[in-house]
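So the chains spell out like this:
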Amino acid sequence: MWSLFDEPYSSNAAKIIGVISVFFICVSIISFCLKTHPDMRVPVIRNYTVTTANQTKSWALDKTQTNAHIAFFYIECMCNAWFTLEILVRCISSPNKCDFIKSSVNIIDYIATMSFYIDLILQKYFSHLENADILEFFSIIRIMRLFKLTRHSSGLKILIQTFRASAKELTLLVFFLVLGIVIFASLVYYAERIQTNPHNDFNSIPLGLWWALVTMTTVGYGDMAPKTYVGMFVGALCALAGVLTIALPVPVIVSNFAMYYSHTQARAKLPKKRRRVINVEPTRPPIPGAPGAQGVPGGGPMAPGMGPQAVNRRMNAIKTNHPKDMMGPNMGNHLRTAYYPNNIPQSPNLQTNIASQA
């Protein structure tokens, strides 16, 4: 069940579930955007009585506000019913509940789904307030449901992984931008006050911060512009500094993106199912006396060409090179044998083994 709802490419049924989930996400986002269009809203008309100049009473109609069409409410109910079911199934079938709860994408899913139910409660009990329209601001959280598409799109995963790997470079970029914004906002504020300037747009340094941000990011809305020559010179320096500041960390971010993209493409070319390979255990020497041990006293029949002398020679070699003997008092002799085989005094045990082999 977990693979069915969390791994869209694990099976054909999981692909169908993934397509349904993407469909409801897209419908929810489209509905959220369309219900703000003026042609998709229904006016709320209020009927009230007025007194005319002839002291007669009459009634009039007034459009106080507009609400979204009722069809959008039912669409959101259907979408959030699916999201609620999906969260419950994934939470119940999750192999690790703690990792599931702490996942960033799941937290966004919780908040986006809960915002729908909270919005219903607020509209039911607090709609009579004067500033009740501000309660609709909380519904903006539902747009964050787009991050759920990371489970179905490898491109979004690559983008998120690139931002994570480039966190230091992005922090450095923001630091340099903030530093340049503060410096050039202060410079342009005092530069515009040096000469006579009746149309000065920089009445304070905080207003200059907005201009410096727009200039350094090469956006240039044009709502604020320096009028003096000194201010224009500061603006030119601000634009050049912004281009250089933004251009320096970009190659590192692009290289990280290319690396993750190439890894994703390589993994996509691998076969979906791999054969399980059983680990081959190393063969152990036969135990003397064990049934079926060939060439060993007390074991099964000896192999052809294996006489008693060959068997004794093999057993002596095993006893001599046993790891337990290497750790004993003859450990130094064995080490000297390994490094100086021709110029060492041999131990009595080793001489007995060599004589038995001869």
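What you see is a predicted model, and the numbers here were worked out from it, not measured in a lab.

What counts, and at which threshold
Residues numbered from 1 in each chain as written. Predicted model: local features only at pLDDT ≥ 70, side-chain atom pairs only at ≥ 80, totals over all residues. Heavy atoms only, no water. Helix = DSSP H or I, 4+ residues; strand = E, 2+ residues; numbered from the N terminus. Buried < 20%, exposed > 50% of the residue type's maximum accessible area, 1.4 Å probe, protein only. Contact = heavy atoms within 4.5 Å. Areas by Shrake-Rupley, 256 points an atom, 1.4 Å probe, with all protein chains shown as cover. Axes fitted to C-alpha atoms, helices over the stretch in contact; angles between N-to-C directions. Parallel < 35°, antiparallel > 145°, perpendicular 65-115°, else oblique. Left-handed = near helix turned anticlockwise from the far one by under 90°. Nonpolar A, V, L, I, M, F, W, Y, C, P; charged D, E, K, R; others polar. Salt bridge = Lys/Arg side-chain N within 4 Å of Asp/Glu carboxyl O. Polar contact = N/O pair within 3.5 Å; in protein donor to acceptor, adjacent residues only side chain to side chain. Phe/Tyr/Trp six-rings, centres within 6.5 Å; stacked < 30°, edge-to-face > 60°. Patch = residues over 30% accessible without salt bridge, like charges linked within 9 Å, V, L, I, M, F, W, Y side chains within 5 Å. Disulfide = S-S within 2.5 Å. Core = buried A, V, L, I, M, F, W, Y, C linked by side-chain atoms within 4.5 Å.

(A) Layout of the overall build of the chain. For the chain, the helix and strand inventory stands at 14 helices and two strands. Relative to its 358 residues, the chain shows a buried fraction of 26%. Of the contacts formed within the chain by residues at least 6 apart in sequence, a portion of 56% connects residues at least 24 apart. Roughly 25,300 Å² of accessible area belongs to the chain as shown, and the carbon and sulfur atoms make up 66% of that amount.

(B) Local environment of the packing of helix 7 (residues 167-191) against helix 8 (residues 205-216). Running from N to C, helix 7 and helix 8 cross one another at 125 degrees; their axes reach a closest spacing of 8 Å. With respect to their mutual orientation, helix 7 and helix 8 come out oblique. Here helix 7 and helix 8 pass one another in a crossing that is right-handed. Seen from helix 7, the contacting residues are Leu177, Gly180, Ile181, Val182, Phe184, Ala185, Ser186, Val188, Tyr189 and Tyr190; seen from helix 8, they are Ile205, Gly208, Leu209, Trp211, Ala212, Leu213 and Met216. Of the residues that constitute the contact of helix 7 with helix 8, the class distribution is 14 nonpolar, three polar and no charged.

(C) Focus on the pattern of salt bridges. This model, assessed by the stated rule, comprises two salt bridges. Measuring nitrogen to oxygen at the nearest pair gives 3.0 Å for the salt bridge that ties Lys35 to Glu76. Of this pair, Lys35 sits in the loop between helix 2 (12-34) and strand 1 (41-51) while Glu76 is found in helix 3 (residues 70-92), placing the two residues 41 residues apart along the sequence. Of the two residues, Lys35 and Glu76, neither departs from the other in class, the shared state being buried.

(D) View of the side chain of Asn80. Counting through the fold element by element, Asn80 comes out in helix 3. Among the polar contacts listed, one links the side chain of Asn80 to the backbone oxygen of Glu76, at a separation of 2.7 Å. Sequence-distant contacts of Asn80, defined by excluding residues within four places in its chain, comprise Ala112, Thr113, Phe116, Tyr117 and Arg145.

(E) Main features of the packing of helix 2 against helix 3. At their nearest, the axes of helix 2 and helix 3 sit 10 Å apart, and the two run at 145 degrees to each other. Classified by chirality, the crossing of helix 3 by helix 2 is left-handed. Contacts between helix 2 and helix 3 involve Ile17, Ile20, Ser21, Phe24, Ile25, Val27, Ser28, Ser31 and Leu34 from the former and Phe72, Ile75, Glu76, Met78, Cys79, Trp82, Phe83 and Glu86 from the latter. Among the residues forming the contact of helix 2 with helix 3, the class breakdown is 12 nonpolar, three polar and two charged.

(F) The arrangement of the packing of aromatic side chains in detail. For the structure on display, the rule yields 10 aromatic pairs. Look at Phe116 and Tyr117: their rings are 5.4 Å apart centre to centre, the planes differ by 75 degrees, and that puts the pair in the edge-to-face class. Connected via pairs of aromatic rings, a cluster forms that spans Phe23, Phe24 and Trp82.

(G) Up close: a nonpolar patch on the surface. Residues Ile70, Phe73, Tyr74, Met114, Tyr117, Ile118 and Leu120 make up a contiguous nonpolar surface patch of roughly 650 Å² in combined accessible area. Elements with a contribution of two residues or more to the nonpolar patch: helix 3 and helix 5 (104-125). Counting residues per element, the nonpolar patch draws most heavily on helix 5, which supplies four residues. Accessibility expressed as a relative area gives 47% for Met114, which makes it partly exposed.

(H) Local environment of the state of the cysteines. Scanning all chains against the criterion turns up zero disulfides. Left without a disulfide partner, Cys79 is nearest to the cysteine sulfur of Cys77, which lies 9.4 Å away.

(I) Seen up close, the nonpolar core. One finds Phe184, Trp211, Ala212, Met216 and Cys238 to be the most contacted residues of the largest nonpolar core, which totals 14 residues. Elements that contribute at least two residues to this core include exactly helix 7, helix 8 and helix 9 (229-247). Considering every element that reaches this core, the biggest residue donor is helix 7, with seven residues. Setting aside its immediate chain neighbours within four residues, Ala212 contacts Ile181, Phe184, Ala185 and Cys238. The next biggest cluster of nonpolar side chains, apart from the first, holds 10 residues, and it includes Phe24, Cys79, Trp82 and Leu149.

(J) Main features of unusual backbone geometry. One non-glycine residue with positive phi stands out, namely Thr218, at about 55 degrees. Given the relative accessible area of 54%, Thr218 is considered exposed.

(K) Broad picture of the environment of Asp201. Among the structural elements, Asp201 can be located in the loop between helix 7 and helix 8. Given a relative accessible area of 25%, Asp201 falls into the partly exposed group. Once residues lying within four places of it in the same chain are set aside, the contact partners of Asp201 are Leu207, Asp223, Met224, Ala225 and Lys227.

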